[in-house]
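Descriptive structure summary
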Amino acid sequence: MIYSYLSLAQLDVPAQLVSDELTKLESYLSNQPLPAVRWQYQVPELGEGGACSLFGYLQDEPFKLTDFLPQDQHTTQKLAQLQLIVDYVVAQTKVDWYGIYQSTATPEGEQLLKLTYFGAPSRPLFPLTEAFAAGSNNVQVALSRKGRVINNVEQYLAAGGEYYTCDPKVKSEACLPLFDSANRCVGIVDGEAFNNDFFNQQTLALLIACCIKIPHFLV
């Protein structure tokens, strides 16, 4: 399972590190009460082109997960498990932003739907199209099925790398795919930090362990 994920996502992280983190994560999930589910959240106005958020400018109406998901006991329990994983990642790593997205059919086509997150308000949906991938790390990872880790955004840009800057405080980002039992990409996780070199091997091992567990709780 671990070796398969590392191969599919093309990530060079020791499998034993991931295994150790997976053991700790599973112990945590089995011993913690489930948190409350956030069924709606504030979202920012979008900038030109729609990829980035306009920080400090929130839409009047909150985004409602109930427009896309049933608010039943089954879904509520799964979302609570995902929130527990978010809480664990934040507590263990002190990451500044972390979110879990699921590929979801919408009236506008297949999109990444933000199920739960920690950090500043951000856009809730990302169209899963090649055109949108040109300006979105999240969609690039979802379509390519390959993990993307940038530990120094400034150096990456200076070297000619493609990167859309939404929050200038972000210095490091790790965006990783989620796979179902048939190895289809069914979503992504995205982590952002305000420090360079944040996503070291240990932190990535923890995030990968979460990526292995998260698909069990997707809705």
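These numbers were taken from a predicted model, which means no experiment stands behind them.

Relative to the elements of secondary structure, Thr66 occurs in the loop between strand 4 (63-64) and helix 3 (73-93). For the pair Thr66 and Pro121, spaced 55 residues apart in the sequence, the C-alpha separation amounts to 18 Å. With near-sequence residues (within four places) excluded, Thr66 lies in contact with Trp39 and Gln71.

With that settled, consider the nonpolar core. Counting residues in each nonpolar core, the largest one holds 66 residues, and the members touching the most others are Tyr5, Tyr98, Ile100, Ile208 and Ile214. Sorting elements by how many residues they give to this core places helix 7 (residues 201-213) first, with nine residues. The residues touching Ile208, leaving out its near neighbours within four places in the chain, are Tyr5, Leu6, Leu11, Val13, Val18 and Leu176.

Glancing now at the sheet that holds strand 7 (residues 125-127). The strand order across the open sheet built from six strands is 7-6-5-10-9-8, with neighbouring strands paired in antiparallel fashion. In this open sheet, the two strands that pair with only one neighbour each are strand 7 and strand 8 (148-150). Here the strands of the sheet are splayed against their neighbours by 20° on average, with no regard to which way each runs. Bridge count between strand 5 (residues 97-106) and strand 6 (residues 109-118): nine bridges; the pairing is antiparallel. What sits directly across from Tyr98, in strand 6, is Phe118. Its contacts with the sheet place helix 3 against strand 5 and strand 6, and it is angled at close to 55° to strand 6.

Next up on the list: unusual backbone geometry. Its identity is not glycine, yet Lys94 carries a phi of approximately 65°, on the positive side. Inspection of the secondary structure puts Lys94 in the loop between helix 3 and strand 5. For Asn183, which is not glycine, the phi dihedral falls at a positive 65°. Structurally, the position occupied by Asn183 is in the loop between strand 9 (172-179) and strand 10 (185-193).

Here we take up the packing of aromatic side chains. Within this structure, the stated rule accounts for 10 aromatic pairs. Geometrically, the ring pair formed by Phe63 and Phe68 is stacked, given 5.5 Å between the ring centres and 20° between the ring planes. According to the relative accessible area criterion, Phe63 is buried, its value standing at 11%. Here the aromatic cluster, defined as three or more aromatic residues joined through ring pairs, consists of Tyr41, Phe63, Phe68, Trp97, Tyr101, Tyr117, Phe126 and Phe132. Above the ring of Tyr117, the side-chain terminus of Lys114 is found at 3.8 Å from the ring centroid. Sitting over the ring of Phe126, Arg123 keeps its end group 4.9 Å from the ring centre.

Conventions and cut-offs
Residues numbered from 1 in each chain as written. Predicted model: local features only at pLDDT ≥ 70, side-chain atom pairs only at ≥ 80, totals over all residues. Heavy atoms only, no water. Helix = DSSP H or I, 4+ residues; strand = E, 2+ residues; numbered from the N terminus. Contact = heavy atoms within 4.5 Å. Core = buried A, V, L, I, M, F, W, Y, C linked by side-chain atoms within 4.5 Å. Buried < 20%, exposed > 50% of the residue type's maximum accessible area, 1.4 Å probe, protein only. Pairing = 2+ DSSP bridges. Axes fitted to C-alpha atoms, helices over the stretch in contact; angles between N-to-C directions. Phe/Tyr/Trp six-rings, centres within 6.5 Å; stacked < 30°, edge-to-face > 60°. Lys NZ or Arg CZ within 6 Å of the ring centre and 35° of its normal.

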